[in-house]
Amino acid sequence: SQQGEEDPQALSIQEGENATMNCSYKTSINNLQWYRQNSGRGLVHLILIRSNEREKHSGRLRVTLDTSKKSSSLLITASRAADTASYFCAPGESGAGSYQLTFGKGTKLSVIP
Amino acid sequence: DTGVSQDPRHKITKRGQNVTFRCDPISEHNRLYWYRQTLGQGPEFLTYFQNEAQLEKSRLLSDRFSAERPKGSFSTLEIQRTEQGDSAMYLCASSYDEQFFGPGTRLTVL
């Protein structure tokens, strides 16, 4: 499996602003998943985007995927203090029998009230 | 609650003791995974089951670690002769497609 690399490592914004975080990967993928983790808690699944999709929305979340650039972005609109968390991307390799996910260090988002 | 559950949520043990954690996956999911996460890092894969068969094991899974999934339902992860370096959050996930994670078991080895 391959690791997604999130960028930036840390992001601090005011409540109400939009937050954008990016993910890069190295080889072909079937899909890419985004997760959120509040401090000391388990991971919450946010969105899965498949390799034949370019954009996907869920509430205030918008995920894009550019397979030619091997990158994905997660946009959180109108951020809230409750969005403060670490965000991880997890690329799913194509053609692989392995289902394990490999995580980077994530983007630590702080939303200031 | 039909999500992934883990028990216990916290475990404090002395070095050299054995510990066992349990994971109950989402009932219709045939795949179950164990990950370990230390402070400031993303989760690291440990092992994976499809039904009752353990199909992958990470090199991180030393001989002191063993995982089982009898009857393809719940799973247990046992750590024998714990070391201070085993202190971490142990996460379980299950999937049919997307992986859904449980709340984790935080292990502290004194």
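Our subject is the structure listed above.
Residues numbered from 1 in each chain as written. Chains lettered and ligands numbered in written order. Predicted model: local features only at pLDDT ≥ 70, side-chain atom pairs only at ≥ 80, totals over all residues. Heavy atoms only, no water.

Engineer: Which parts of the structure should I look at to understand the overall build of chain B?
Structural biologist: Looking only at helices and strands, chain B has zero helices and eleven strands in total. Counted from the first residue to the last, chain B has its helices and strands arranged as β-β-β-β-β-β-β-β-β-β-β. Relative to the compact-globule value of 13 Å for 110 residues, chain B shows a C-alpha radius of gyration of 13 Å, a close match. With respect to the three principal axes, the spread of C-alpha positions in chain B is 40 × 25 × 25 Å. The buried share of chain B, taken over its 110 residues, is 47%. A separation of at least 24 residues holds for 52% of the contacts in chain B among residues at least 6 apart in sequence. Accessible surface, chain B: about 5700 Å² in total, of which carbon and sulfur atoms supply 44%. In chain B, 14 positive and 14 negative side-chain charges are present, and the distance between their average locations comes to 8 Å. (Helix = DSSP H or I, 4+ residues; strand = E, 2+ residues; numbered from the N terminus. Rg over C-alpha atoms; globule rule 2.2 N^0.38 Å. Buried < 20%, exposed > 50% of the residue type's maximum accessible area, 1.4 Å probe, protein only. Contact = heavy atoms within 4.5 Å. Areas by Shrake-Rupley, 256 points an atom, 1.4 Å probe, with all protein chains shown as cover. Lys, Arg positive; Asp, Glu negative; His and termini not counted. Charge placed at Lys NZ, Arg CZ, Asp CG, Glu CD.)

Engineer: Help me understand the sheet that holds strand 8 (residues 71-76) of chain A, please; the structure alone is not making it clear to me.
Structural biologist: Strand pairing within a sheet occurs via backbone hydrogen bonds; the two strands may be parallel or antiparallel. Residues and elements named next belong to chain A. Across the sheet, five strands lie side by side as 1-3-8-7-6; this open sheet has antiparallel pairing. The open sheet has two edge strands with one neighbour each: strand 1 (5-7) and strand 6 (55-58). Each strand of the sheet is rotated relative to its neighbour by a mean of 20°, with strand direction disregarded. Relative to strand 8, strand 3 (residues 19-24) runs antiparallel, the two sharing six bridges. Of the residues in strand 8, the one forming a bridge with Asn22 is Ser73. (Pairing = 2+ DSSP bridges. Axes fitted to C-alpha atoms, helices over the stretch in contact; angles between N-to-C directions.)

Engineer: For this particular structure, what's the right way to read the state of the cysteines?
Structural biologist: Simply put, the disulfide is a covalent bond whose two ends are the sulfur atoms of two cysteines. All names here are of chain A. With the rule as written, the count across this model stands at two disulfides over all chains. Here Cys23 engages in a disulfide with Cys89; their sulfurs sit 2.0 Å apart. Judged by the torsion about the S-S bond (70°), the Cys23/Cys89 disulfide is right-handed. A residue pair is termed long-range when its members are at least 10 positions apart, and Cys23 in strand 3 and Cys89 in strand 9 (residues 85-93) qualify at 66 residues. One exposure class covers both Cys23 and Cys89, and it is buried. (Disulfide = S-S within 2.5 Å.)

Engineer: Would you mind showing me how to read the environment of B:Phe74 here?
Structural biologist: Residue and element names in this part refer to chain B. Within the element layout of this structure, Phe74 appears in the loop between strand 7 (65-68) and strand 8 (75-79). Relative accessible area serves as the criterion here: at 24%, Phe74 is assigned to the partly exposed category. As a C-alpha pair, Phe74 and Thr105 span 31 residues in sequence and 15 Å in three-dimensional space. If we skip the residues at most four places from it in the chain, Phe74 touches Arg22, Cys23, Asp24, Pro25, Glu68 and Arg69.

Engineer: Even after reading the chapter, I still don't get the side chain of B:Arg64, so can you show me in this structure?
Structural biologist: Residue and element names in this part refer to chain B. For Arg64, the position within the fold is in the loop between strand 6 (53-57) and strand 7. Here Arg81 takes part through its backbone oxygen, which lies 3.2 Å from a polar atom of the side chain of Arg64. Among the polar contacts made by the side chain of Arg64, one reaches the side chain of Asp86 at a distance of 2.8 Å. Setting aside its immediate chain neighbours within four residues, Arg64 contacts Glu78, Ile79, Gln80, Arg81, Thr82, Glu83 and Asp86. (Polar contact = N/O pair within 3.5 Å; in protein donor to acceptor, adjacent residues only side chain to side chain.)

Engineer: What's the story with the interface of chain A and chain B in this structure? I'm lost.
Structural biologist: Counting residues at the interface gives 18 residues for chain A, matched by 22 residues for chain B. With both sides pooled, the region where chain A packs onto chain B buries about 1600 Å², and carbon together with sulfur makes up 52% of that total. For chain A, the biggest contributors to the area lost against chain B are A:Leu43, A:Tyr99 and A:Gln100; these three give 32% of the whole. Scanning the region where chain A abuts chain B turns up one salt bridge. A salt bridge links A:Arg50 to B:Asp97, with the nearest nitrogen and oxygen atoms 2.6 Å apart. (Buried area = accessible area lost by both parts, 1.4 Å probe. Salt bridge = Lys/Arg side-chain N within 4 Å of Asp/Glu carboxyl O.)

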